[in-house]
Every structure is written in C-alpha cells, then in structure tokens.
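Results of the structural survey
As a plain string of letters, each chain reads:
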Amino acid sequence: MPLAPTPAQTVGPFYGYALPFPGGERIAPAGHPGTVTVHGCVRDGAGAPVPDALLEFWQAGPDGSLTGAPGSLRRDPVTGAVIGRNGVDFTGFGRVPTDADGHYVVRTLPATAPAGYPDAAPYLAVCLFARGLLHHLFTRVYFPEHAAAHAADPLLARLPAERAKTLLARPDGPGRYRFDVHLQQAEDGTYEETVFLAFR
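Read on for a plain summary of the structure. Computed from a predicted model, the values in this text were never measured in an experiment.

Some points on the overall build of the chain
- When helices and strands are tallied, the chain shows two helices and 11 strands.
- Mapped from its N terminus to its C terminus, the chain presents α and β elements in the order β-β-β-β-β-β-β-β-α-α-β-β-β.
- Over its C-alpha atoms the chain spans a radius of gyration of 18 Å, differing by no more than 12% from the 16 Å that the globule rule assigns to 200 residues.
- A buried classification covers 41% of the 200 residues belonging to the chain.
- Contacts in the chain between residues at least 24 apart in sequence constitute 68% of all its contacts with a sequence separation of at least 6.

Below, the structure is given as structure tokens:
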C-alpha cells in the first residue's frame, strides 16, 4: 500500500523563543554620540503587520571593515545563559524580533560602505525570518544622505527607480529613519514589494 501524503507545512518555523538575545537591538556601543535609530514595520501582502518576524542586521564598521568584533552573544560563565552585549564593542551585528504590531527598532552607528568596494553606497544588510517563510530573505537599507553615491552603487544602479525606492530609509526625526519591509506588493498597488536578494 502506498503511503498517504503528509499535510503541507503552512506555518513556521518559529524563531522567537530561541534566537533573540538581550540587547540584540543595540548595535552601537552604549552612549555613543553618533547613534542612529532605524525602525519600521514588517507587513504581509494584505498590509497586515507580521508580529513574529525576526530581523538580523549586519553592517561594516566605521572604517569599512567587515570583521566585526566579538561580544554580542556573551554567556554567563555560571549558568551558560546568553547575557547579551558587553555594551562597549561595535560588533556590526544585531538581531531583533517584531512586536505585536509588526514593529522593530535597532540603534546603531551610521552606515558605511564596505572597504574594498569603491562604488558601493553605505548600507545595512538585513536578513528576515518569518512564519511561513521556509527560506529567509535578504535585503538592504540605504540612507537618503548618500544620494550621490546611490547612482554608482552596483545594486541600486541596476534597479528601476520605483523598485530602488523600496530599499531607501526615510528620515523620521533627528537621527531617526523609518524602513518598512513589505513581503509582497499590495493588491491595490499602494506599495511595492521590498526588493529581496538572492546570493549564489
């Protein structure tokens, strides 16, 4: 007798209970005067917020280096529990879940272009995990003050203007930027799907 097919997987995997760590949203060293805030909402194709997404942010250091620094995932030597950042080092990495309204926030240093890539505009790399996504998604956040560099950026220069806009953060107050992630284009066309990248 042939085996009956198992039901399709419709939700999950779930990340919220294991991957977030204390202070994951604080990429900039504590008290750093140049700290900027990036926040936004993750929305599905119907425009509804995604309350259990997880975003990872990666960025080059102020000198353009990609080596980062240890310190994000320190553990308590007695209990082994993750106790988060040491509050001093810039590691170039952050991990933050969305809240019940699909909102996230990270505090980091201003973006820089990676060293060795002379045409690249400064950006933050983003990796998104969410329910129903069996494969995580990659995207980028670019910033309006680097508009002159956008024309030469290898990624932005290849995109139609309307698609490139989905990668641009909007100013939202002093030292604040808004960057929303749209998993699909709105049915009524009010917004475009965020550009997602495939790495080979």
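Having seen it, we continue.
Section: the packing of aromatic side chains
- The full count for this structure, using the stated rule, is five aromatic pairs.
- Ring plane angle 15° and centroid distance 6.3 Å describe the contact between Phe21 and Phe93, whose orientation is recorded as stacked. Taken together, the residues span a long stretch of sequence, with Phe21 in the segment before β1 (36-43) and Phe93 in strand β5 (residues 93-97) at a distance of 72 residues. The two residues Phe21 and Phe93 agree in class, both being buried.
- Site record: aromatic cluster; members linked through ring pairs are Phe21, Trp58 and Phe93.
- In this arrangement the basic side chain of Arg140 is found over the ring face of Tyr123, its NZ or CZ atom lying 4.0 Å from the centre.

Details of the nonpolar core
- Counting residues in each nonpolar core, the largest one holds 28 residues, and the members touching the most others are Val42, Leu55, Phe57, Leu128 and Phe143.
- When residues of this core are traced back to their parent elements, those giving at least two are β1, β2 (54-58), β6 (103-108), β7 (123-129) and β8 (137-142).
- Those residues in contact with Leu128, other than ones at most four positions away along the chain, are Val42, Ala53, Leu54, Leu55, Leu133, His136, Leu137, Val181 and Leu183.
- Membership of the second largest hydrophobic core comes to eight residues, among which are Tyr123, Tyr142, Leu156 and Val195.

Comments concerning the sheet that holds β7
- Strand order across the open sheet formed by four strands is β5-β2-β7-β8, with antiparallel pairing between neighbours. Looking at strand neighbours, the two that pair on one side only are β5 and β8, the edges of this open sheet. Going across the sheet, the axis of each strand differs from the next one's by a mean of 25°, ignoring polarity.

Cut-offs applied
Residues numbered from 1 in each chain as written. Predicted model: local features only at pLDDT ≥ 70, side-chain atom pairs only at ≥ 80, totals over all residues. Heavy atoms only, no water. Helix = DSSP H or I, 4+ residues; strand = E, 2+ residues; numbered from the N terminus. Rg over C-alpha atoms; globule rule 2.2 N^0.38 Å. Buried < 20%, exposed > 50% of the residue type's maximum accessible area, 1.4 Å probe, protein only. Contact = heavy atoms within 4.5 Å. Phe/Tyr/Trp six-rings, centres within 6.5 Å; stacked < 30°, edge-to-face > 60°. Lys NZ or Arg CZ within 6 Å of the ring centre and 35° of its normal. Core = buried A, V, L, I, M, F, W, Y, C linked by side-chain atoms within 4.5 Å. Pairing = 2+ DSSP bridges. Axes fitted to C-alpha atoms, helices over the stretch in contact; angles between N-to-C directions.

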